[in-house]
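Each chain, letter by letter, is given below.
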Amino acid sequence: MSAYSKSLLLCPQRYSLFNTFTETLKVISDEVVGLDVSARIAARDKKINTQIFRLPFKLRSKWESYFLNKVNEIILEDFEKHKPDLVFVYNSEFLLPETCEYIKKKAKLIFFFFFSPLNTPTNNSYLSLLQNVDFLLSPDS
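For every chain, the first residue of the written sequence is number 1, and numbering continues from 1 along that sequence. This being a predicted model, a pLDDT of at least 70 is required before a residue's local features are given, and a value of 80 or more before pairs of side-chain atoms are given or counted; all residues contribute to the totals for chains, interfaces and linings. Only heavy atoms go into the side-chain values, all of them from the structure, while hydrogens and water stay out.

Side chains that differ in charge, positive against negative, can pair when their charged atoms come close. The salt bridge definition used is simple: a Lys or Arg side-chain nitrogen within 4 Å of an Asp or Glu carboxyl oxygen. Tallied over the full model, the rule gives 9 salt bridges. One salt bridge in this structure joins D45 and R44, with 3.7 Å as the shortest N-O distance. K83 is the salt-bridge partner of E80, the closest N and O atoms lying 3.4 Å from each other. The network of salt bridges with common partners includes R40, E77 and D78.

Next comes the structure, spelled out in C-alpha cells:
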C-alpha cells in the first residue's frame, strides 16, 4: 500500500518536470491528479497578468487581487473535487497564503521551488506561503 491514496500535482503541463513529478508521486501515491492552472486561465487574463507590472501600483494591486482570487478558486475547486492526501506544488502556482492554510488543514503540502524562495521579485506571497508547508524542496544554492 502507498503512503498516500491520492496526490494533487500543481504544475504547468508544458514543463518536462510535470511528467517527472507525476512519475515520482506515483511511487508514494495510489493515484496522481495533475492540475495545470495556467491551462484553465483565459488567454486574455494570462496576457494581462504578464504585463500588469507596467501599470501603477494601485491598478496592479487591484488586478492581482482579482486574478489570484480567481485562480485560487480553481485550485480549491479541484482540491475539493479530488480530496488528495498530498498536494505537491511546483513554484507557487499562484497560490495565496490563505489557500495554503486551508489545504494544510486537510492534506500534506510540499513545495518544490525551482528558484530560491528568498529571491522572489515576481511573487509577493512566496515567503508567506512557507508558513503552511510540510516540506520545502529548493535545489537553488
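Core analysis: the largest hydrophobic core is formed by 24 residues, its most contacted members being L10, I75, V87, L95, I103 and F111. Secondary-structure elements contributing two or more residues to this core are β1 (4-10), β2 (29-35), α3 (57-82), β3 (86-90), α4 (97-106), β4 (108-112) and α5 (126-129). Segments assigned H or I by DSSP are reported as helices when at least four residues long, segments assigned E as strands when at least two residues long, and all are numbered from the N terminus. Element by element, the count of residues in this core is highest for α3, at 5 residues. Apart from residues lying up to four places away in sequence, L10 is in contact with L35, I75, V87, F88, V89, Y90, E93 and L95. Residues grouped as a nonpolar core are buried Ala, Val, Leu, Ile, Met, Phe, Trp, Tyr and Cys residues, joined through side-chain atoms within 4.5 Å. Each residue gets one of three labels from its accessible area relative to the maximum for its type: buried under 20%, exposed over 50%, partly exposed in between, using a 1.4 Å probe on protein chains only. Residue contacts are defined here by distance: any two heavy atoms, one from each residue, within 4.5 Å place the two residues in contact.

Let us now look at the environment of I110. Inspection of the secondary structure assignment puts I110 in strand β4. Overall, I110 belongs to the buried group, its relative accessible area being 15%. I110 has contacts with L86, V87, F88, V89, F135 and L137, leaving out every residue within four places of it along the chain.

Let's shift gears to the pairing of β3. Here β3 lies mainly inside the structure; 5 of its 5 residues are buried. Residues L86, F88 and Y90 line one face of β3 and the alternating positions V87 and V89 line the opposite face, and both faces are buried. By the bridge criterion, 4 bridges tie β1 to β3 in an arrangement that is parallel. Each residue of the ladder has a partner; that of L8, found in β3, is V87. Relative to β4, β3 runs parallel, the two being bridged by 5 bridges. Bridge pairing in β4 links L86 to K108. At least two bridges found by DSSP between two strands is the condition for calling them paired.

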